[in-house]
Amino acid sequence: MQCVQGSSNVPASVSAALLAKSKMGTLKDFVRVLRKAKKVLVVAGAGISVSCGIPDFRSKDGIYAMIEHMDTHFPEPECLFQIEYFRQDPAPFFQLVRNVFAHSPAPSTTHRFLKLLQDKHKLLRLYSQNIDGLEDAAGVTKCIPCHGSFAWSSCMRCKLRVPTSSLMDVIRAGVIPTCSNDDCRGVLKPDITFFGELLSDHVSTSVTKDRLQADLLLVIGTSLKVSPVAEIPGFLPSHIPQVVINKTALKKKKLKTNNKKPAAGASREFDLTLLGDCDEIVEQICGLAGWDLPRSLNSERESSSSLDAVAIESSSEDDDDFESRRPTPPQTKAKAVRVIEHADKPNVLCFGECHCSNRLDDRHNDDNDDATSGFVW
Ligand code: CNA
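Everything numeric here is computed off the predicted structure, so don't read it as measured data. (Residues numbered from 1 in each chain as written. Predicted model: local features only at pLDDT ≥ 70, side-chain atom pairs only at ≥ 80, totals over all residues. Heavy atoms only, no water.)

This part takes up the site of the ligand. Around the ligand sit 29 residues in total, of which Phe57, Arg58, Asp132, Thr222 and Ser223 are the nearest. In this structure, an oxygen atom belonging to the ligand sits 2.8 Å away from a main-chain N or O atom of alanine 46. Side-chain polar atom of serine 223 to an oxygen atom of the ligand: 2.6 Å apart, as the coordinates give it. Isolated, the ligand exposes 860 Å² of accessible area, and the fraction of that covered by the protein chains is 96%. Assessed atom by atom at 2 Å from the grid points, the ligand resides in the largest pocket. Looking at the shell around the ligand residue by residue, the classes come out as 11 nonpolar, 13 polar and 5 charged. (Near = heavy atom within 4 Å. Polar contact = N/O pair within 3.5 Å; in protein donor to acceptor, adjacent residues only side chain to side chain. Areas by Shrake-Rupley, 256 points an atom, 1.4 Å probe, with all protein chains shown as cover. 1 Å grid on protein atoms, 1.4 Å probe; cavity = no way out; pocket = protein on both sides within 12 Å on 5 of 7 lines; lining within 4 Å. Sits in = over half its atoms within 2 Å of the grid points. Nonpolar A, V, L, I, M, F, W, Y, C, P; charged D, E, K, R; others polar.)

Okay, structure coming up:
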């Protein structure tokens with residue numbers, strides 16, 4: 001990986017990014033950088049869908065905790081998503097699907113924020129680890145669902161593909177869905193990447209191209225425990241500002257070199273960490289930027305909320321002085337949320353309350369979850 005160091009010969013876009021990186025201590029600094037950004041690369045995970053009623057994996061009330069209460073004999077909850085275990089007995093997986101995916105969730109505020117970035121021609125790419133298809137439902141087309149999608153299922157024998165929605169009645173009835181071809185009857189497995197399966201080559205090809213174009217990285221709602229997606233932040237050139245929006249603090253995963261040893265020297269810290277609920281944080285960001293979130297299907301609920309406005313209107317996305325302008329009628333209504341700064345952690349801001357001591361479920365909090373095969377970058 002080639003890292004760009006500060007020097008008088010660096011291109012203007014790189015110097016701008018270096019400057020932005022060095023000046024990101026407040027939310028306003030970040031909003032200023034975001035307004036100027038033209039190619040935002042987003043890495044997202046299960047946290048952006050929690051408010052849609054889909055639990056994540058590793059939080060204390062996440063799917064791994066649910067699996068521990070199921071009647072299974074797995075040595076680890078992760079085994080439920082291991083392809084080898086699925087081949088032996090797909091029943092526990094479909095039992096979980098019944099509990100978690102049987103409703104019809106709508107996109108979250110964060111999904112709509114990502115659509116907004118796309119509408120503003122700022123989104124370079126969304127690398128989502130989610131399989132729920134809610135990016136699609138929100139209209140985000142510049143999304144790579146790195147771990148596949150639950151929307152379709154394929155027969156494990158003859159590869160017949162069917163929409164998973166057509167199987168939900170069977171799954172809800174507690175029956176394992178099988179292929180409709182009489183001479184086949186193979187198990188129909190949702191087209192998601194299980195642990196032990198390879199990601200599509202398309203993911204690494206796309207990341208390799210995008211890393212040289214991105215001017216800002218946002219990491220939202222992921223524990224960054226699953227490789228290779230977890231390696232994306234460490235793979236981007238070091239001058240690109242990197243910002244986390246999450247409930248738990250993150251460190252960058254160390255990049256492995258070709259001889260599988262972690263690369264030495266690279267910083268594992270992000271430039272700015274915004275800790276709290278991602279929906280609440282993106283609302284604050286939009287309010288400050290004067291951006292209107294696209295309406296959700298469920299817009300009645302939003303319009304009924306009595307919220308303080310923090311919107312600030314500005315004529316140009318490149319306007320450095322946007323925060324000194326007078327607010328025009330608010331575009332985005334955001335709850336007034338307390339933003340907590342920390343003297344000992346200048347690059348961490350907490351929203352609502354202090355989240356610095358938030359932890360994932362202890363059993364899944366280790367840093368060595370290389371469950372999905374890594375890319376060769
Ligand atoms: P994870 O390891 O469970 O991490 C989720 C992260 O999101 C944690 O750091 C949480 O602190 C954070 N988080 C939870 N709620 C919020 C919130 N409201 N606001 C901000 N942050 C929040 O899940 P990852 O995505 O990191 O792991 C990748 C796995 C999870 C992929 O293979 C997915 O397929 C898999 N997964 C996907 C879904 C889905 O599609 N919705 C659900 C559950 C698991």
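Anyway, onward from the coordinates.
What follows concerns the layout of surface pockets. Volume-wise, the largest pocket comes out at about 1000 Å³. Together, 50 residues line the largest pocket, and Ala46, Gly47, Pro55, Asp56 and Phe57 are the ones closest to its centre. If you list the elements that add at least two residues to the lining of the largest pocket, you get helix H5 (91–100), strand S8 (242–246) and helix H11 (278–289). A per-element tally of the lining of the largest pocket places H5 first, with 3 residues. For the lining of the largest pocket, the per-class residue count stands at 22 nonpolar, 18 polar and 10 charged. (Points joined across faces, edges and corners; volume = space filled by probe spheres on them. Helix = DSSP H or I, 4+ residues; strand = E, 2+ residues; numbered from the N terminus.)

Time to look at the pairing of strand S6 (residues 188–192). Here S6 lies mainly inside the structure; 4 of its 5 residues are buried. As paired strands, strand S4 (residues 148–155) and S6 are joined by 4 bridges and run antiparallel to one another. When the sheet's bridge partners are listed, serine 153 is paired in S6 with proline 190. (Buried < 20%, exposed > 50% of the residue type's maximum accessible area, 1.4 Å probe, protein only. Pairing = 2+ DSSP bridges.)

The next thing to look at is the sheet that holds strand S5 (residues 161–163). If you walk across this open sheet you meet the 3 strands as S5-S4-S6, and the pairing is antiparallel. The open sheet has two edge strands, S5 and S6, and neither has a second partner. Across this sheet, the average inter-strand angle for adjacent strands is 40°, counted without regard to direction. With 3 bridges joining them, S4 and S5 adopt antiparallel strand pairing. If you follow serine 154 over to S5, its bridge partner there is arginine 161. (Axes fitted to C-alpha atoms, helices over the stretch in contact; angles between N-to-C directions.)

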